[in-house]
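Given next are the chains, with one letter for each unit.
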Amino acid sequence: MHYVSTRATSASAARNPQQFSDILLGGLAPDGGLYLPAEYPQVSSAELDAWRKLSYAELAYEILRKFATDIPDADLKELTARTYTPEVYRNAREGEAAADITPLRVLEDGPQGKLVLQALSNGPTLAFKDMAMQLLGNLFEYALAKENDELNIFGATSGDTGSAAEYAMRGKRGVRVFMLSPHKKMSAFQTAQMFSLQDPNIFNIAVEGVFDDCQDLVKAVSNDLEFKARQKIGTVNSINWARVVAQVVYYFRGYLAATTSNDQKVSFTVPSGNFGNICAGHIARMMGLPIDKLVAATNENDVLDEFFRTGVYRVRKPSETFHTSSPSMDISKASNFERFVYELVGRDAERTHALFRKVDTHGGFDLSGAPGSDGDEFRDVAKYGFLSGRSTHADRLATIRDVADDYGITIDTHTADGIKVAREHVQPGVPMIVLETALAAKFNETILEALGEDAARPAGFEDIESLPQRFVVMPPDVSLMKAYIAEHTGL
Ligand SMILES: *Cc1c(COP(=O)(O)O)cnc(C)c1O
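Below you will find a few notes about this structure. Bear in mind the structure is a predicted one, so any value in this text is a computation, not a measurement. (Residues numbered from 1 in each chain as written. Predicted model: local features only at pLDDT ≥ 70, side-chain atom pairs only at ≥ 80, totals over all residues. Heavy atoms only, no water.)

## Quick notes on the pattern of salt bridges
Taken as a whole and assessed by the stated rule, the structure comprises 32 salt bridges. Between arginine 316 and glutamate 306 there is a salt bridge, and its shortest N-O distance comes to 2.9 Å. Residue arginine 316 is found in the loop between strand 11 (312-314) and helix 14 (337-344), and its partner glutamate 306 is found in helix 13 (residues 303-310); the two are separated by 10 residues along the sequence. A relative accessible area of 11% places arginine 316 in the buried class. Its relative accessible area of 15% is what places glutamate 306 among the buried residues. For arginine 457, the salt bridge identified is with glutamate 465, shortest N-O distance 2.7 Å. Residue classification places glutamate 465 among the partly exposed positions, given a relative accessible area of 34%. (Salt bridge = Lys/Arg side-chain N within 4 Å of Asp/Glu carboxyl O. Helix = DSSP H or I, 4+ residues; strand = E, 2+ residues; numbered from the N terminus. Buried < 20%, exposed > 50% of the residue type's maximum accessible area, 1.4 Å probe, protein only.)

Here it is in structure tokens:
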């Protein structure tokens, strides 16, 4: 299995065939594109049948081995078995089996259709990012040990990604995490989740500023290429290919759990921000999984909904990006979207490059086919099953209330966006699976607003705010930051 960049010319792709392990620790390709397999591995009906009997870890192994062909099978089997355990994904709801890892719950099965929730947030940080990040932690440790190398992950977070990365990398040999967050700007719960980690390889840095100051610091430090190389600095952002592949697994799992025969189809609705999660669904579909529709649900930051309705991709300025009550979907552009556009334009890397150059220079592109547009490929979107919808704060509150009244469970704000949009697209005869991307306890302020009572916390989280915290406070100063990193890496 070889990987190509969405912006590679045929000459550079032929010169540099990349294997899974070559791209595991990195982000963007050197040409600025994103990595994708040269072709998608296909899954036969016989394989799907056999996979119906597997545990989640065994299924993850079967899917991963089609992509990570340069990792010996026995090693991959051990890595997946160690990652996808009921001990790691232990926060299942009452009545749902932790051993299922991503248990399904039928919400509704009536004349309008069947609505099913797939829980992806039972991992240590109560959000779906654990599904991929926990595997990444084990893969990183494995790959670094092989090369006798080390890696220092340096990033900024306003919540979910940073904590998922820290819980995945804590205690891992060869890895340190330096995570910047805006001092006193995260919720008490999120702060406690991150800062209560006592592992010596985790460094929480509270920056006296806002999230943008944190991000600017990460950019400034990373732009010093000499420093970056010497300090072995890397990232774990959502464009990382291994994260996308790990997410492919739960689409297979959801399909297999919701069906009894491969003649049946299902659809998925995915609360979307950076297009990472739903991109994995697209890949599962390209591998031959019988997915009917893939529905992208956005909040008020509706870049993706606009594209899937009109064919116009128009990124937002920071001033046009709303702070919403589903904050993990507050994006101005969707960093994984290029992976789909590459497919849509017939895997033409030069054209993909030109379109995303236009995103940088003109803020977007238009594939609607209208006079003066950049192309007419929007007409092919339906072939890939994509649909979309949008949800607002008022929708979120109403959906959280409805779901509590009708089904007796409390959902989080991102999942509420998903259910609101799923209801607009569910069809009789095709189960609609909504991916639950976080547990309500993480976004309690809005739960309180919607229901007038606090969200229940999973066992072990009751008192998290009172645990001792380990962090340093620093001003937004590039040279102080570099000195801090160098002091703690010893490189
Ligand atoms: C990250 C995140 C999302 C968005 O996922 P993408 O892969 O960026 O589309 C949705 N919900 C929650 C809770 C998240 O943490």
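## Description of unusual backbone geometry
Positioned with a positive phi, isoleucine 101 is a non-glycine residue whose angle comes to about 65°. Within the secondary structure, isoleucine 101 is located in the loop between helix 5 (73-83) and strand 3 (104-110). Using a relative accessible area of 1% as the deciding quantity, one classes isoleucine 101 as buried. For leucine 126, which is not glycine, the phi dihedral falls at a positive 65°. Considering the arrangement of structural elements, one finds leucine 126 in the loop between strand 4 (113-119) and helix 6 (129-147). For leucine 126, a relative accessible area of 0% gives the class buried.

## Focus: the packing of helix 4 (residues 56-67) against helix 11 (residues 241-258)
Relative orientation of the contacting elements helix 4 and helix 11 amounts to 130°, with a least axis distance of 9 Å. Classed by the angle they form, the pair helix 4 and helix 11 counts as oblique. The handedness of the crossing between helix 4 and helix 11 is right-handed. Between helix 4, through Tyr56, Leu59, Ala60, Ile63, Leu64 and Phe67, and helix 11, the contact on the second element is made entirely by Trp241, Val245, Ala246, Val248, Val249, Tyr250, Phe252, Arg253 and Leu256. A class-by-class count of the residues in the contact of helix 4 with helix 11 yields 14 nonpolar, no polar and 1 charged. (Axes fitted to C-alpha atoms, helices over the stretch in contact; angles between N-to-C directions. Parallel < 35°, antiparallel > 145°, perpendicular 65-115°, else oblique. Left-handed = near helix turned anticlockwise from the far one by under 90°. Contact = heavy atoms within 4.5 Å. Nonpolar A, V, L, I, M, F, W, Y, C, P; charged D, E, K, R; others polar.)

## Looking at the site of the ligand
As a matter of local geometry, the ligand sits amid 15 residues, with Lys129, Asp160, Gly273, Asn274 and Asn277 nearest to it. With respect to the ligand, the backbone of phenylalanine 275 contributes an N or O atom lying 3.2 Å from an oxygen atom. Contacts to the ligand include glycine 276, whose backbone N or O atom sits 3.2 Å from an oxygen atom. Taken together, the residues of the shell around the ligand break down into 5 nonpolar, 8 polar and 2 charged. (Near = heavy atom within 4 Å. Polar contact = N/O pair within 3.5 Å; in protein donor to acceptor, adjacent residues only side chain to side chain.)

## Regarding the environment of valine 244
Position of valine 244 relative to the elements: it lies in helix 11. In sequence terms valine 244 and serine 196 are 48 residues apart; their C-alpha atoms lie 28 Å from each other. Apart from the residues within four sequence positions on either side, valine 244 is in contact with Ser238, Ala280, Ile283, Asn336 and Arg339.

## Topic: a negative patch on the surface
A cluster of acidic residues, Glu108, Asp109, Asp405 and Asp406, forms a negative patch at the surface. Counting only elements with at least two residues in the negative patch, the list comes to strand 3 and helix 16 (393-407). Mapped onto the secondary structure, aspartate 109 falls in strand 3. Taking the relative accessible area as the measure of exposure, aspartate 109 reaches 58% and is therefore exposed. (Patch = residues over 30% accessible without salt bridge, like charges linked within 9 Å, V, L, I, M, F, W, Y side chains within 5 Å. Areas by Shrake-Rupley, 256 points an atom, 1.4 Å probe, with all protein chains shown as cover. Lys, Arg positive; Asp, Glu negative; His and termini not counted. Charge placed at Lys NZ, Arg CZ, Asp CG, Glu CD.)

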